[in-house]
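So the chains spell out like this:
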Protein chains: 2
Amino acid sequence: MTTQTYLDSAIRQFLANADTRSVTVATAHMHPADLAHALDTLEAGDIARVLAALPVETAARTLGYLDEDLQSETAEALPRKTLGRLLAAMSHDERADLFALLEDATRQALLPVLAKADREDIRKLAAYEEGTAGSVMTSDYAVLAPDMTTTEAIARLRKEAPNKETIYDAYVVDDKRRLVGVVSLRDLITGDDDAKVSEIMKSQVISIRADAPREDAARAIARYDLLALPVTNGGEALVGIITADDAMDVAADEATEDFFRAGGVQGVIGHRGEPDGASITSVRKAGIWVLYRLRIVWLVLLVFGNIFSGAGIAYFEDTIMAYVALVFFLPLLIDSGGNAGSQAATLMVRGLAVGDVKLTDWGHMIGREVAVALMLGLTMAVAVSMVGAFRAPEVVPVVAMSMVCIVLVGSTIGMSLPFLLSRLKLDPAAASAPLITSIADAAGVIIYFSIATAVLDLGPPA
Amino acid sequence: MTTQTYLDSAIRQFLANADTRSVTVATAHMHPADLAHALDTLEAGDIARVLAALPVETAARTLGYLDEDLQSETAEALPRKTLGRLLAAMSHDERADLFALLEDATRQALLPVLAKADREDIRKLAAYEEGTAGSVMTSDYAVLAPDMTTTEAIARLRKEAPNKETIYDAYVVDDKRRLVGVVSLRDLITGDDDAKVSEIMKSQVISIRADAPREDAARAIARYDLLALPVTNGGEALVGIITADDAMDVAADEATEDFFRAGGVQGVIGHRGEPDGASITSVRKAGIWVLYRLRIVWLVLLVFGNIFSGAGIAYFEDTIMAYVALVFFLPLLIDSGGNAGSQAATLMVRGLAVGDVKLTDWGHMIGREVAVALMLGLTMAVAVSMVGAFRAPEVVPVVAMSMVCIVLVGSTIGMSLPFLLSRLKLDPAAASAPLITSIADAAGVIIYFSIATAVLDLGPPA
């Protein structure tokens, strides 16, 4: 915390009187992530002034750690030449992401400032669709030829080290740039000096296609404990790599998205949002209007969904008038269906997301769900009978029977909905609490009052 | 998929007639993670037979990839000597975790089989409390002395490479094993041959104490894009490292736990469960009884929570008898409070979990929440007025007013609860949908019927 205070005061001093020395000294041993965090509260123009005063390497890395919105605003506030230098020093994937966020005029102005190779690289990386493996890969990886000796290979990696995202896994390509193997620096330095790369490389390379979903890449990196995952195009040529730290970010973003969806909050988190969806990178900094848009959709859908449960209740008006005590238990019963359903959906959504559960597992899991739901429903029926015995003993049998049926129906719907959505190529996490609540409401009302009408011997409503 | 089929048939053949060659050939180029996946459906005894037939390195890594339950069952089924050899070859953290799961008799029988250093190492790693950084660290890391030259350092790493989890980051310690720096293999191979380690190392090392929560370690690794994070004891001596791949697993487990909690599913996921909690490692394979225990707590609490909303409704019985149409909108109104509250809680729980939101942010965020909730409530009031105008125009003004109040109250509770839980040192994710539903129910009933009683001019209920 003292480091933070010291840094904050050095930054304030620099902004007040352009004292470059104090800010350079204060940031010298600082991790760019911490520096970005310290700059986070400033205006983009001030951040740009600080970055312009720092060594290019530090400034480039710090810029990459800023929030997406702040990153583009800061870039727009930098002098074109400085921005060009920072872009040249940024890691290739961050640079392409930032470039995509800049205004057209800025991009045009940058073209003469950037080297041709950098321009080409940015164009290529930006071409991959959002959400694909290609969109999160980087092009600054190390390649080797199969006929190099380990000594030659190490010399090559040593030379290229400053410009590569990682040199710990190097990719072996043939003359058509097809991926034929992967070799770790560990294996290179422990191997014989004269051994050929082709002899010590692993030729069974785990790779992914550029058009695969980015979460598949993150899952492969987690599953196989990789430092980086090579990305190929349709023709099996190597086009990039996804590093483990980017995979961690992807996994965190995907978990956040699923978490939000399950809670009935729509929207895209982290990187560039889908054009027609609200997007936030920080809950803390999100504006009122964005939060409104993230939440209103499900809430209003629920209102219209209520047409069904409202109509159900209206249909049973006579039953309610005859036994108004039935209404005491209405909130509990419909909530129980919704809650049991949400629980079942929660388990399935996460199981499907982490790859533990497959679409084909539905058949054998539905039987288990019915058994669990029956046990849950019976336990809750006992609990509600204890509560209800004091207040309205005459309706307790109806409430208990309804509880078992409603929990069973809610659980079955909650468990099956993520599978159904997944089969329809939709996100299973869209089986959110509000959606299940809405369905369980209508089902609960009909089950409850139907049982009541039958058991309390009222005859069918007029 | 053909690889999978080929492997499955080789395994079946081996189990049928002990054809060791076919299974060795089939697994030769297989990643241990895939091999573990293929073995996953077999009995522990059969898995033990397959592992015993494989090279020790492959068998040890495959064992480490199995689910926790299957891992311990398989270990118990292995001959003691084979198990001892596998333990010696496993990574230190996986070995300590497995050892903790074995039966006492097995542990006693293993002691003479294990080398003294391995026994000591297992004992030390097992001593850290579950959920701490210490519990997920490993002890097979590389250390260097500050006065070594880069050439000596590389030679040392080369020699130690086969027994270390990673050699890409090496930790520099003084003669009291205090952490004084970190140096990457990249910097070593690009540095001058005669440079001292102390000259090229980074002396500002990001580290964590062994007793810190494991999710803090995962967060630091993600934030600073580290390959590994060194772990120190109270006296700042280096005691282990946490690798990025283990951090990814921790982050995934924590996300799953939060996801489940928010959905009203209690329990611990992944590694050894807390002694008194249900624990599952796979949704797909979880038993009926475990699933029942994970879900029943919230559901029964909700039943008892209903005493309040039920009593509220009973109190307003006269109002309901006078205007039974009020009941049509009861499910919608109480659900709206619960859903708006769940949304607000979802945003805060995830914000707190990823470190975006701090406890101290509550003050400035409550104002924003009120503004958003008012906008949401007004929109929903308009929507419900459109629906209600056809069915029960006489109660529409009451329903619309109630909607605004209920959404406001639900949102404020949902947003504040995670902060309150966090302040009480509880998991903010315990602000689950069922808890908020239960609170919102009671609040919704009281708000709705109070407004109805006042507006519809019925006078206070008798």
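Structural data are supplied above this passage.
First, a word on what this report is: a plain description of the structure on this page.

1. Considering the overall build of chain A
And then number 1: Within chain A, the regular secondary structure consists of 23 helices and eight strands.
And then number 2: Summarising its shape, the C-alpha atoms of chain A cover approximately 90 × 60 × 40 Å along the three principal directions.
And then number 3: Considering chain A as a whole, with its 462 residues, one finds that 56% of them fall into the buried category.
And then number 4: Sequence-distant contacts, at least 24 apart, represent 65% of the contacts inside chain A between residues at least 6 apart.
And then number 5: Total accessible area on chain A stands at roughly 18,800 Å², and carbon and sulfur atoms take up 57% of it.
And then number 6: Across chain A, the centroid of the 39 positively charged side chains sits 6 Å from that of the 59 negatively charged ones.

2. Structural notes on the pairing of strand β5 (residues 228-232) of chain B
Residues and elements named next belong to chain B.
And then number 1: For β5, the tally of buried residues reaches five of five residues, placing the bulk of the element in the interior.
And then number 2: As paired strands, strand β4 (residues 208-209) and β5 are joined by two bridges and run parallel to one another. Across the sheet, I208 pairs through a bridge with V231, a residue of β5.
And then number 3: Once β5 ends, the chain turns through five residues before running back antiparallel as strand β6 (residues 238-243), passing E236 with a positive phi of about 70°.

3. Section: helix α16 (residues 244-262) of chain B
Residues and elements named next belong to chain B.
And then number 1: The first and last C-alpha atoms of α16 sit 27 Å apart over 19 residues, in line with the 27 Å expected at 1.5 Å per residue.
And then number 2: When you tally the buried positions in α16, you get 16 out of 19 residues, the bulk of the element.
And then number 3: Once α16 finishes, G264 follows within two positions and takes phi at roughly 80°, a positive value.

4. Thoughts on the nonpolar core
And then number 1: Core analysis: the biggest nonpolar cluster contains 123 residues, and A:Y448 and B:Y448 have the highest contact counts within it.
And then number 2: Residue contacts for B:Y448: discarding those within four places in its chain leaves B:L326, B:F329, B:L330, B:L333, B:V398, B:V399, B:S402 and B:I406.
And then number 3: One finds A:A210, B:L125, B:A217 and B:A218 within the second-largest nonpolar core, a separate group that totals 44 residues.

5. Description of the interface of chain B and chain A
And then number 1: Contact with chain B, which involves 115 residues of that partner, is made by 115 residues of chain A.
And then number 2: Between chain B and chain A lies a buried interface of about 10,500 Å² when both sides are counted; carbon and sulfur atoms form 67% of it.
And then number 3: When the buried surface of chain B facing chain A is broken down by residue, B:R186, B:F259 and B:R295 rank first, second and third, together holding 8% of it.
And then number 4: Where chain B meets chain A, there are six salt bridges.
And then number 5: A salt bridge links B:D356 to A:R284; the shortest N-O distance between them is 3.7 Å.
And then number 6: Here chain B and chain A share 47 residue pairs in polar contact (both at pLDDT 80 or more) between them.
And then number 7: A class-by-class count of the residues in the side of chain B that touches chain A yields 69 nonpolar, 24 polar and 22 charged.

6. Some details on the side chain of A:D34
And then number 1: Along the polypeptide, A:D34 turns up in helix α3 (residues 32-39).
And then number 2: Classification of A:D34 as buried rests on a relative accessible area of 17%.
And then number 3: Ignoring any residue separated from it by four or fewer positions in sequence, one finds A:D34 in contact with B:R223 and B:Y224.

7. Side note on the environment of B:V409
All names here are of chain B.
And then number 1: Tracing the backbone through its elements, the reader meets V409 in helix α22 (residues 396-423).
And then number 2: Relative accessible area serves as the criterion here: at 31%, V409 is assigned to the partly exposed category.
And then number 3: Not counting the four nearest positions on each side in its chain, V409 is found in contact with A443 and I447.

8. Brief notes about the packing of helix α8 (residues 92-101) of chain B against helix α10 (residues 116-126) of chain B
All names here are of chain B.
And then number 1: In the contact formed by α8 and α10, the axes pass within 9 Å of each other and the chain directions differ by 75°. Looking at the two axes, α8 sits roughly perpendicular to α10. Packed against α8, whose contacting residues are H92, D93, R95, A96 and F99, the element α10 presents D118, D121, I122 and L125 at the interface.
And then number 2: Residue composition of the contact of α8 with α10, by class: four nonpolar, one polar and four charged.

9. Observations concerning the relation of the copies chain B and chain A
And then number 1: Mapping chain B onto chain A leaves a residual RMSD of 0.1 Å; the transformation is a rotation of 180° accompanied by 0.0 Å of translation along its axis. The superposition operator between the copies reduces to a two-fold rotation axis.
And then number 2: The fraction of interface residues of chain B whose copies in chain A are also interface residues reaches 100%, indicating that both copies meet through the same surface.

10. Looking at the sheet that holds strand β1 (residues 141-144) of chain A
Residues and elements named next belong to chain A.
And then number 1: With respect to topology, three strands assemble into an open sheet ordered β1-β2-β3, the strand pairing being mixed. Each edge of the open sheet is held by one strand with a lone partner, namely β1 and β3 (179-184). Each strand of the sheet is rotated relative to its neighbour by a mean of 35°, with strand direction disregarded.
And then number 2: Relative to strand β2 (residues 166-173), β1 runs parallel, the two being bridged by three bridges. Note that in β2 the partner of V143 across the bridge is Y171.
And then number 3: This element, helix α12 (residues 150-160), spans β1 and β2 of the sheet and lies at about 155° to β1.

11. A short note on the sheet that holds strand β5 (residues 228-232) of chain A
Residue and element names in this part refer to chain A.
And then number 1: Taken in spatial order, the three strands line up as β4-β5-β6 in an open sheet, and their pairing is mixed. The open sheet has two free edges, formed respectively by β4 (208-209) and β6 (238-243), since each of these has just one partner strand.
And then number 2: Two elements, β5 and β6, share five bridges in a ladder whose sense is antiparallel. Among the inter-strand pairings, A228 is bridged to a residue of β6, identified as T243.
And then number 3: With respect to the sheet, helix α16 (residues 244-262) is in contact with β5 and β6, its orientation differing from that of β6 by roughly 70°.

12. Structural notes on the pattern of salt bridges
Should the charged atoms of two oppositely charged side chains come close, the side chains can pair.
Residue and element names in this part refer to chain A.
And then number 1: In the structure shown here, the tally under the stated rule is 32 salt bridges over all chains.
And then number 2: R178 serves as the salt-bridge partner of D174, at 3.0 Å between the closest nitrogen and oxygen.
And then number 3: Overall, the relative accessible area of 36% leaves R178 in the partly exposed class.

Criteria and cut-off values
Residues numbered from 1 in each chain as written. Chains lettered and ligands numbered in written order. Predicted model: local features only at pLDDT ≥ 70, side-chain atom pairs only at ≥ 80, totals over all residues. Heavy atoms only, no water. Helix = DSSP H or I, 4+ residues; strand = E, 2+ residues; numbered from the N terminus. Buried < 20%, exposed > 50% of the residue type's maximum accessible area, 1.4 Å probe, protein only. Contact = heavy atoms within 4.5 Å. Areas by Shrake-Rupley, 256 points an atom, 1.4 Å probe, with all protein chains shown as cover. Lys, Arg positive; Asp, Glu negative; His and termini not counted. Charge placed at Lys NZ, Arg CZ, Asp CG, Glu CD. Pairing = 2+ DSSP bridges. Expected span 1.5 Å × (residues − 1). Core = buried A, V, L, I, M, F, W, Y, C linked by side-chain atoms within 4.5 Å. Buried area = accessible area lost by both parts, 1.4 Å probe. Salt bridge = Lys/Arg side-chain N within 4 Å of Asp/Glu carboxyl O. Polar contact = N/O pair within 3.5 Å; in protein donor to acceptor, adjacent residues only side chain to side chain. Nonpolar A, V, L, I, M, F, W, Y, C, P; charged D, E, K, R; others polar. Axes fitted to C-alpha atoms, helices over the stretch in contact; angles between N-to-C directions. Parallel < 35°, antiparallel > 145°, perpendicular 65-115°, else oblique. Least-squares fit on C-alpha atoms with pLDDT ≥ 70 in both.

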